Amino acid sequence: MVRTRFAPSPTGYMHLGNARTGIFSYLFARHHNGSFILRIEDTDRERSTKEFEDSILEDLKWLGIEWDEFYRQSERFDIYKEYAKKLVESGHAYYCFCKEEDIEKQREEAYAQGKAYRYPGTCRHLSKEEVEDRLRNDGSYVIRFKVPDGRVVSFDDLIRGNISINVDDFGDFVIVRSDGSPVYNFVVVIDDALMKITHVIRGEDHISNTPKQILIYEALGFKPPEFAHLPVILGEDRTKLSKRHGGVSVRFYKENGYCPEALFNYLCLLGWSSEKVGKEIISKEEAVKYFDIKDINLSPAVFSHDKLYWLNGVYIREILSEDRLLEDLLPFIEKAYKKVDIDYLRKIIKATRKEYNTYLEAVEKLRPFFEHKEPDEAAKEELSKIDKSVFELLIKEISALEQITPENLKAVVKNIQKSTGLKPKDIWHALRIAITGSLEGIAIDVIVSILPKEETLRRLSKFV
RNA sequence: GUCCCCAUCGUCUAGCCUGGCCUAGGACACCGGCCUUUCACGCCGGCGACGCGGGUUCGAAUCCCGCUGGGGAUGCCA
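It should be emphasised that the depicted structure is a prediction, and the values quoted were computed from it without experimental measurement. (Residues numbered from 1 in each chain as written. Chains lettered and ligands numbered in written order. Predicted model: local features only at pLDDT ≥ 70, side-chain atom pairs only at ≥ 80, totals over all residues. Heavy atoms only, no water.)

Here strand S1 (residues 3-6) shows a buried face lined by Arg3 and Arg5 and a second buried face lined by Thr4 and Phe6. Where S1 lies against strand S2 (residues 35-40), 4 bridges are found, and the strand directions are parallel. For phenylalanine 6, the partnering residue across the bridge sits in S2 and is leucine 38. Crossover connection from S1 via helix H1 (residues 16-31) to parallel S2: handedness right-handed. (Buried < 20%, exposed > 50% of the residue type's maximum accessible area, 1.4 Å probe, protein only. Helix = DSSP H or I, 4+ residues; strand = E, 2+ residues; numbered from the N terminus. Pairing = 2+ DSSP bridges. Right-handed = clockwise from strand over helix to strand, strands pointing away.)

Below, the structure is given as structure tokens:
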């Protein structure tokens, strides 16, 4: 039975990189008919908040990633404490009374000399009596894991193959902080072991943590899971995608009018080849069906805003149902133009869904359906070249129409062309400017055939 | 600095394992054309890559070594 987990820490909105890790973990579990576990890693009490936790849960649901089990590390501190004690008792870990400032100083010195810092093991060989004594009097201590000398830890990464790291590269590391809270590298092992996680799928930035964790697995007598380290996502400048790059949270894309299916799809494409699916537009179900961890790329991928934008357009234009579009678009439209009639909006969506790539963009493009706008500069200039009598004729012709359709609108233009000798293009332009105030936008026959007739006439009348 | 990972169009990728089918395929972006009452959509076409140097081999994008370049880690963050 395959069991994977996604372990975000609630210290901010869910990052795209994390989201992709979650997606791949999820796909792997589902592909193997296994379980997907969500675990909130909130051992850092300083930075973790309930608000961020809620937002992560919300965003995960929004993306369509459902989990089978849920855990919160802050509720499991007793368990960690117990295992920390075990490690101390078995001689795999020890109390350390070194001052944080001193360590910091040593670290800086080492770095200045261009050397890798290792904790020198000052407190490693304290006698039992001394430890007892300082525990009573000193108060502040951390627990460090005793890293064996000269070990080379190897593991077979599912994506990268064999990875070997000499543990001499790092010193005895902290597993319990001075405030008594356990550290990531320690709890992650206990949780993954206790929760019977079979496959740990996570970011490449955890590769160097893996040997530390394997050491703890061994010390505790647990069998390590399989590991798979995903390449990181890079920004346009080829550094790790971070806040500096602008919109990097799932929330950002949700708020900016992207649909979850498109974001899910795009994230799948980043680092995973969809070649076996045979296309790039992939549903969650297809992704589950075809997902293979072996098809993950090894090199970091640059996040392309352009491609996500395009993909979102594909979803709006040809994948999503009208009902879904309506449901998604409604809050955006109502936020911008107050209450709207559902049937009116439905009609608009049906006729215009090819015109925008995001919901936010739709709000702008659909403006003529909800608001009258004065002509902009370019429109004014065009307007000055147009014989104003055309507006009167348009009013007269359109008034006479029982129902406005693109077809009979064409007839209207033809009639005016005949009676005035104006070029059809100019007549259309005049109509467009009067209705939208702009030279660009959605096809004017589409707009006028949906816009209430009285509103069309009202706008035209302003130009006579 | 040290350790680890990586290296095909600007970007995401196919091909690499099992060398010849690669004149290196697709997608986004970009450019041009068509469609057209504008912008878009759509359709057609174009530009564009095996980082460098050595091997191995009849033959290398594919295998080996070195270099260079990029990324990550180096926390009482995760």
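And the narrative resumes.
This paragraph deals with the sheet that holds strand S8 (residues 174-176). Picture the strands of a sheet paired through backbone hydrogen bonds; they go either parallel or antiparallel. Taken in spatial order, the 3 strands make up an open sheet running S4-S5-S8, and their pairing is antiparallel. Looking at strand neighbours, the two that pair on one side only are strand S4 (93-96) and S8, the edges of this open sheet. For this sheet, the mean inter-axis angle between neighbouring strands, taken without regard to orientation, is 45 degrees. Note that strand S5 (residues 142-145) and S8 share 2 bridges and pair antiparallel. (Axes fitted to C-alpha atoms, helices over the stretch in contact; angles between N-to-C directions.)

Here we come to the packing of helix H3 (residues 77-89) against helix H6 (residues 184-194). Direction vectors running N to C along H3 and H6 enclose 105 degrees, while the axes themselves pass 10 Å from each other. As judged from the angle between their axes, H3 and H6 are roughly perpendicular. The residues of H6 that touch H3, namely those facing Ile79, Tyr80, Tyr83, Ala84 and Leu87, are Phe186, Val187, Ile190, Asp191 and Leu194. Class assignment for the residues of the contact of H3 with H6 results in 9 nonpolar, no polar and 1 charged. (Parallel < 35°, antiparallel > 145°, perpendicular 65-115°, else oblique. Contact = heavy atoms within 4.5 Å. Nonpolar A, V, L, I, M, F, W, Y, C, P; charged D, E, K, R; others polar.)

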